[in-house]
2 protein chains.
Amino acid sequence: MTGIDEFLINSARSVDQALDRLLPSEDLPPVRLHSAMRWSTFAGGKRFRPALVYASGRAFGVASERLDRIAAAVEMMHTFSLIHDDLPAMDDDDLRRGQPTCHRKFDEATAILAGDGLQSLAFKVILDDESLSDRVKLRLARGLADASGSPSGMVAGQQLDLDSEGTGATLDEIETIHSLKTGALIRYSSASAAVVAETDTAAISKFGDRLGLLFQITDDLLDVTRTSDELGKTAGKDEAANKATYPSILGIDGTRRLAADVCREALDALDSIDGDTEMFRGLCTKLVNRRS
Amino acid sequence: MTGIDEFLINSARSVDQALDRLLPSEDLPPVRLHSAMRWSTFAGGKRFRPALVYASGRAFGVASERLDRIAAAVEMMHTFSLIHDDLPAMDDDDLRRGQPTCHRKFDEATAILAGDGLQSLAFKVILDDESLSDRVKLRLARGLADASGSPSGMVAGQQLDLDSEGTGATLDEIETIHSLKTGALIRYSSASAAVVAETDTAAISKFGDRLGLLFQITDDLLDVTRTSDELGKTAGKDEAANKATYPSILGIDGTRRLAADVCREALDALDSIDGDTEMFRGLCTKLVNRRS
């Protein structure tokens, strides 16, 4: 097993333990709500954002244990967005990561509330982190609000994405959507340990920006090149929804070339960081070669 | 005009100005999302929770200007919960405060995202408050997470409320539901200036607890005694949904007696507070006599 694969396994294990500790128990009322929050959180996610938090720790010299809550918070925020995006009024998805989506497994009302509860808990988990100074906690919580809300985060991106359906968006418009919808939280995760170490975040933010774009480009590619079984979610959805994607504008080969370029830009951004950026580099390569 | 009426008008004006300043402009993309966030926020709310924040300022000697952001944050959090509670999958309400609900005025997806965005913004507004120390900001933001999430806040209460429909809940169960669904944010608002003043919150929390209960009891009363036109929302909903309420268990007269008792307990709790509690007292009386 290569270094990056072992790192990914360890990151997933650490954040899963933290999530299990931090999420309300299924025995605690409202049982149905807490079951739904746990169901979606533990329904087979790849823990990509937590891996970025821990990779950030390697790059900025912050011990993994001090990042467990941040890793858990970004995964909660991500899971909240997935639950709401999957709702009938939004993308209307029955499957996510090969499992029934939250509103299919439970019901729509519970799914809406599970998402709401996960957002609130993500903030709490950071605000209650005793290993961080007040100043750092505030910076992290504020950054999380920016990365999740509107006009600068996930919620804004999802709205723009819905607004763009069937409108024939340009490549620039697609990039704006993704930069908000998935990019903001990826940038935040990548820079998180730099915030903890109270060091400059310019280079790592540039890296996070490119990585977020790379993530979306490769996600679009998978949507047209893989089947639903291979993906664990409905494939071909973008085309069915008449959504503009990189492949629909650049073709598959053009999109692959763009992915290689963006990957190079991401790696270049790491050059000015003194610490150990090996895991960040490994994650870039993983994305370019991703199969799910 | 009595002191309390003037106070309520001034409180509403202050928080409305703060909300207008703090909410993303309707010109800023995503325009539809920001329009929806503003629509629901300015659709005729009574600003009861902001009034509690400012009344708390009177009681604990904190100037009104230092409380504008907190008042705005609790109103955003409250509006988020209303938007989601009104959704077809939850209470399925077409009218709120005499206006179309968010998903009727816009669409369901936008309403879900507008609620999500308001929750995130509520945290941000507190975390960015430059008039407060880091320590106070953290306490306020943490308290807001507790009051809005699960197991101790609004989201938990709404889930328990949905779970209880048609089950014939006992009075104790109803009280638990309301203590979470509406009580938590009312307690938080009442105690907010005590947190800013870094003083003891025991007495004011007791007051907030009773006030929250009083709010719900009088809300239940209105649901059975007033028409939809008078309320600006659908009346008789509790009975139609076969929801247990105070009047359904205690009758109308019994519920009125309970309201008087709970009001007295709330006023008693204020006796041990040194500051100017006149507005808190006025708010209790207003609730007992409320007509909408």
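Residues numbered from 1 in each chain as written. Chains lettered and ligands numbered in written order. Predicted model: local features only at pLDDT ≥ 70, side-chain atom pairs only at ≥ 80, totals over all residues.

Caption draft 1: Representation of the overall build of chain A in the model. When helices and strands are tallied, chain A shows 14 helices and two strands. A compact globule built from 292 residues would reach a C-alpha radius of gyration of about 19 Å, and chain A, at 18 Å, matches this within 12%. Here the C-alpha coordinates of chain A stretch approximately 50 × 45 × 40 Å along the principal axes. Taking all 292 residues of chain A together, 56% fall into the buried category. Summarising the internal contacts of chain A: among those between residues at least 6 apart in sequence, 69% fall at separations of at least 24. (Helix = DSSP H or I, 4+ residues; strand = E, 2+ residues; numbered from the N terminus. Rg over C-alpha atoms; globule rule 2.2 N^0.38 Å. Buried ≥ 20, exposed ≤ 12 C-beta atoms within 10 Å, placed from the backbone. Contact = placed C-beta atoms within 7 Å.)

Caption draft 2: Spotlight on the interface of chain A and chain B. Taken together, the 43 residues of chain A in the interface contact 43 residues of chain B. Sort the elements by how many residues they give to the side of chain A that touches chain B and helix 6 (residues 108-127) of chain A lands first, with 13 residues. Classifying every residue of the side of chain A that touches chain B by side-chain character gives 22 nonpolar, eleven polar and ten charged. (Nonpolar A, V, L, I, M, F, W, Y, C, P; charged D, E, K, R; others polar.)

Caption draft 3: Region of the structure containing the confidence of the model for chain A. Residues of chain A with pLDDT of at least 70 account for 94%, and the chain-wide mean is 93. The ipTM value of the predicted complex is 0.94, and its pTM value is 0.95. (pLDDT = per-residue confidence, 0-100.)

Caption draft 4: Inspection of the relation of the copies chain A and chain B at higher detail. When chain A is fitted to chain B, the best match, at an RMSD of 0.0 Å, comes from turning it 180° and sliding it 0.0 Å along the axis. What the superposition gives is, in effect, a two-fold axis relating one chain to the other. Proximity to the rotation axis, assessed at the C-alpha, singles out D134 of chain A in chain A; its C-alpha lies 3.1 Å from the axis. A share of 100% of the interface residues of chain A reappears at the interface of chain B, consistent with the copies meeting face to face through the same patch. (Least-squares fit on C-alpha atoms with pLDDT ≥ 70 in both.)

Caption draft 5: Geometry of helix 8 (residues 154-164) of chain B. Burial analysis of helix 8 of chain B places nine of its eleven residues in the buried class, the great majority of the element. Listing the buried residues of helix 8 of chain B in full gives M154, V155, A156, G157, Q158, Q159, L160, D161 and L162 of chain B. Where helix 8 of chain B is buried, its residues meet helix 2 (31-41) and helix 6 of chain A together with helix 4 (68-86), helix 7 (134-148) and helix 9 (171-196) of chain B. G166 of chain B occupies a position one or two residues after helix 8 of chain B and carries a positive phi of about 75°.

Caption draft 6: Local environment of unusual backbone geometry. Geometrically, the link from P29 of chain A to P30 of chain A is a cis peptide bond, its omega value of -5° lying close to zero. You will see that E198 of chain B, though not glycine, has its phi angle at about 50°, which is positive. In this fold, E198 of chain B is placed in the loop between helix 9 and helix 10 (202-225). Overall, E198 of chain B belongs to the exposed group, with 12 C-beta atoms counted inside 10 Å.

Caption draft 7: Fine view of the packing of helix 10 of chain B against helix 14 (residues 278-288) of chain B. All names here are of chain B. Their axes nearest at 9 Å, the elements helix 10 and helix 14 cross at an angle of 20°. Compared by their axis directions, helix 10 and helix 14 come out roughly parallel. With respect to the hand of their crossing, helix 10 and helix 14 are arranged in left-handed fashion. Counted together, F207, L211, L214, F215 and T218 of helix 10 and F280, C284, L287 and V288 of helix 14 form the full contact between these two elements. Here the residues of the contact of helix 10 with helix 14 sort into eight nonpolar, one polar and no charged. (Axes fitted to C-alpha atoms, helices over the stretch in contact; angles between N-to-C directions. Parallel < 35°, antiparallel > 145°, perpendicular 65-115°, else oblique. Left-handed = near helix turned anticlockwise from the far one by under 90°.)

Caption draft 8: Geometry of the environment of R135 of chain B. Relative to the helices and strands, R135 of chain B is located in helix 7. For the pair R135 of chain B and G98 of chain B, spaced 37 residues apart in sequence, the C-alpha separation works out to 40 Å.

Caption draft 9: Summary view of the environment of D134 of chain B. Residue and element names in this part refer to chain B. Within the secondary structure layout, D134 lies in helix 7. The exposure class of D134 is partly exposed, given the 14 C-beta atoms found within 10 Å. In sequence terms D134 and G282 are 148 residues apart; their C-alpha atoms lie 33 Å from each other.

Caption draft 10: Fine view of the packing of helix 1 (residues 3-22) of chain A against helix 3 (residues 48-60) of chain A. Residues and elements named next belong to chain A. Packing of helix 1 against helix 3 brings their axes to within 9 Å, and their N-to-C directions diverge by 105°. Classified by the angle their axes make, helix 1 and helix 3 are roughly perpendicular. Of the residues in helix 3, those in contact with L8, S11, S14 and V15 of helix 1 are P50, A51 and Y54. Looking at the contact of helix 1 with helix 3 residue by residue, the class counts come to five nonpolar, two polar and no charged.

Caption draft 11: Inspection of the nonpolar core at higher detail. In terms of nonpolar packing, the biggest core is built from 185 residues, with A141, L144 and L214 of chain A together with A141, L144 and L214 of chain B touching the most fellow members. If we skip the residues at most four places from it in the chain, L214 of chain A touches A259, V262, C263, A266, C284 and L287 of chain A. (Core = buried A, V, L, I, M, F, W, Y, C linked by C-beta atoms within 7 Å.)

Caption draft 12: Broad picture of the environment of I126 of chain B. All names here are of chain B. For I126, the position within the fold is in helix 6 (residues 108-127). Between the C-alpha atoms of I126 and A73, which are 53 residues apart in sequence, the distance is 6.8 Å. Excluding its chain neighbours within four sequence positions, the residues that come into contact with I126 are R69, I70, A73, K137, L140, A141 and L144.

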